[in-house]
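For reference, the chains in residue letters:
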Amino acid sequence: FFTFPLLLLRAMEADGVTAINWATSAFHLAAASGALAKCPPTTLRTAALGGEALQAKHVNAWRQAAPQLHVINLYGPTEVTVDCTGYHLDRDFADDEPIPLGTACENKEILLLDEQLRPVTPGEPGEICVRGCGLAKGYFGDWDKTRAAFVQNPLRPDYPDLLYRTGDLAVERDGLLYFLSRRDGQIKHMGYRIELGEIEVALHAVEGIDAAVCLYDSSRDRILCIYAGALDSDSLVKAMRRAVPKYMLPNVYHRLERLPYNANGKVDRVKLKEQYLDGAN
């Protein structure tokens, strides 16, 4: 159904669907397809979304079609029983504005730690580490991976207290968490520390861009942008020059008809890395 957004929206309307719990990429796909203008979801009241960074431009497209829609941005990996933060979008967001991950869910605690597992100060990026109910004990039969990801809470050294290191970077601003990128998405380029996720937010805000991913080619010290949408690369370059500083501009642009998605409904970044990084000459 997600491959045919218009059929999906018609089925939802026929059945009077009032709430959805979708992968964020499916929500984005429906917004980018133009199907919302043809079949506005009049019965839909709530959308709970998770799995990828939620883009404000696509939220605004849904709210234009369904002004009554209440959106909840959820975050959390499988290792913490899926969700550990949440944010109810209680205000409007500009197309180029990042949407917060929010605050910790009940019975969960989020710590932002640096590479030495020390707490960072508000405004500084840190790795999202999770403790509390719902935390897994580890990976079945894989002790090395378990020891790397599930660690003793350094702030509670006197008794067993497990933390899960998500590998995701975030920053706290005004009491809310904001996603930045995966740990390998924080790069050093042209002498600057850059979060690839911030470039992706700017890309998604450009009119005519349906989806975009940034990769870093460390062997050539260049940023690659792989995107889908109606915009040609020259027009996208001009738009990005107005949106981000020069050192954050992608060096190479690849336009696809559609980005690849994995079985979980997320953009398949592994496949893109294999094609554009590992398989590059």
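Residues numbered from 1 in each chain as written. Predicted model: local features only at pLDDT ≥ 70, side-chain atom pairs only at ≥ 80, totals over all residues. Heavy atoms only, no water.

Participant: What's the story with the pairing of strand β6 (residues 108–113) in this structure? I'm lost.
Facilitator: A regular strand places its side chains on the two faces of the sheet in alternate fashion. For β6, a buried count of 5 out of 6 residues is recorded, marking the element as mostly surrounded by other parts of the structure. In the sheet, β6 pairs with strand β7 (residues 126–132) via 6 bridges, with the strands oriented antiparallel. Counterpart to E109 in the pairing with β7 is R131. (Buried < 20%, exposed > 50% of the residue type's maximum accessible area, 1.4 Å probe, protein only. Helix = DSSP H or I, 4+ residues; strand = E, 2+ residues; numbered from the N terminus. Pairing = 2+ DSSP bridges.)

Participant: For this particular structure, what's the right way to read the packing of aromatic side chains?
Facilitator: Here the distance between the centres and the angle between the planes together describe a pair of aromatic rings. As enumerated under the stated definition, the model contains 6 aromatic pairs in all. Residues F27 and W62 carry aromatic rings whose centres are separated by 4.6 Å and whose planes lie at 10° to one another, so their mutual orientation is stacked. With F27 in helix α2 (residues 24–33) and W62 in helix α4 (residues 56–65), the pair connects residues that are 35 residues apart, well separated along the chain. W62 carries the same exposure label as F27, and that label is buried. Aromatic rings pair up to connect W22, F27 and W62 into one cluster. The ring of Y139 is capped by K145, whose NZ or CZ atom sits 4.4 Å from the centre of that ring. (Phe/Tyr/Trp six-rings, centres within 6.5 Å; stacked < 30°, edge-to-face > 60°. Lys NZ or Arg CZ within 6 Å of the ring centre and 35° of its normal.)

Participant: Quick question: what am I supposed to make of the environment of T146 here?
Facilitator: One can find T146 in helix α5 (residues 143–149). With 18 residues separating them in the primary sequence, T146 and Y164 have C-alpha atoms 9.4 Å apart. Contacts of T146, omitting those with residues within four sequence positions, involve K137, G138 and Y139. Within the structure, T146 has its side chain in polar contact with the backbone nitrogen of Y139 (distance 2.8 Å). (Contact = heavy atoms within 4.5 Å. Polar contact = N/O pair within 3.5 Å; in protein donor to acceptor, adjacent residues only side chain to side chain.)

Participant: In this structure, what is going on with the sheet that holds strand β5 (residues 103–104)? I would like to understand it.
Facilitator: The pairing of strands in a sheet happens through backbone hydrogen bonds and is either parallel or antiparallel. With mixed pairing, the 5 strands of this open sheet are ordered in space as β1-β2-β3-β4-β5. A single partner strand is all that each edge strand has here, and the edge strands are β1 (19–23) and β5. Bridge analysis of strand β4 (residues 85–88) against β5 gives 2 bridges, and the strand direction is antiparallel. Paired with G86 across the bridge in β5 is T103. Where α2 meets the sheet, its contacts fall on β1 and β2 (46–50), and the angle it forms with β1 comes to roughly 105°. (Axes fitted to C-alpha atoms, helices over the stretch in contact; angles between N-to-C directions.)

Participant: Quick question: what am I supposed to make of the sheet that holds strand β14 (residues 222–229) here?
Facilitator: One open sheet holds the 3 strands; their spatial order is β13-β14-β15, and the pairing between them is mixed. Of all the strands in the sheet, just β13 (209–217) and β15 (252–256) have a single pairing partner and so form its edges. Across the sheet, the axes of successive neighbouring strands diverge by a mean angle of 20°, strand direction being ignored. As defined by bridge partners, β13 adjoins β14 across 8 bridges and the pair is classed as antiparallel. By the bridge assignment, L215 is partnered in β14 with L224. Against the sheet, helix α6 (residues 196–204) makes contact with β13 and β14, and its axis sits at roughly 155° relative to β13, the strand it touches most.

Participant: I'm lost on the pattern of salt bridges in this one. Help?
Facilitator: When the charged atoms of two side chains lie near each other, side chains of opposite charge can form a pair. Following the criterion strictly, the structure yields 13 salt bridges and no others. Between R118 and D114 there is a salt bridge whose closest N-O contact spans 3.0 Å. (Salt bridge = Lys/Arg side-chain N within 4 Å of Asp/Glu carboxyl O.)

Participant: Help me out: how do you make sense of a positive patch on the surface in this one?
Facilitator: Taken together, K238, R241, R242 and K246 make up a surface patch of like positive charges. Tracing the backbone through its elements, the reader meets R241 in helix α7 (residues 233–243). The class of R241 is exposed, set by a relative accessible area of 58%. (Patch = residues over 30% accessible without salt bridge, like charges linked within 9 Å, V, L, I, M, F, W, Y side chains within 5 Å. Areas by Shrake-Rupley, 256 points an atom, 1.4 Å probe, with all protein chains shown as cover. Lys, Arg positive; Asp, Glu negative; His and termini not counted. Charge placed at Lys NZ, Arg CZ, Asp CG, Glu CD.)

Participant: Please explain α7 as it appears in this structure.
Facilitator: Each α-helix turn comprises 3.6 residues. Residues three or four places apart therefore point the same way. Of the positions making up α7, those classed as buried are L236, V237, A239 and M240. Down the axis, α7 shows its buried residues gathered within 165° of arc, on one side only. Exposed residues pointing more than 90 degrees away from the buried face of α7 are listed as D234, K238, R241 and R242. Where α7 is buried, its residues touch α6, β13, β14 and β15. Two or three places before D234, at the opening of α7, D232 has a side-chain oxygen 3.1 Å from that residue's backbone nitrogen. (Arc of directions from axis to C-beta.)

Participant: Would you take a moment to explain the pairing of strand β3 (residues 70–75) for this structure?
Facilitator: Burial analysis of β3 places 5 of its 6 residues in the buried class, the great majority of the element. Pairing of β2 with β3, which is carried by 4 bridges, proceeds in the parallel orientation. Note that in β3 the partner of A47 across the bridge is V71. In this fold, β2 hands off to α4, which returns the chain to β3; that crossover is right-handed. (Right-handed = clockwise from strand over helix to strand, strands pointing away.)

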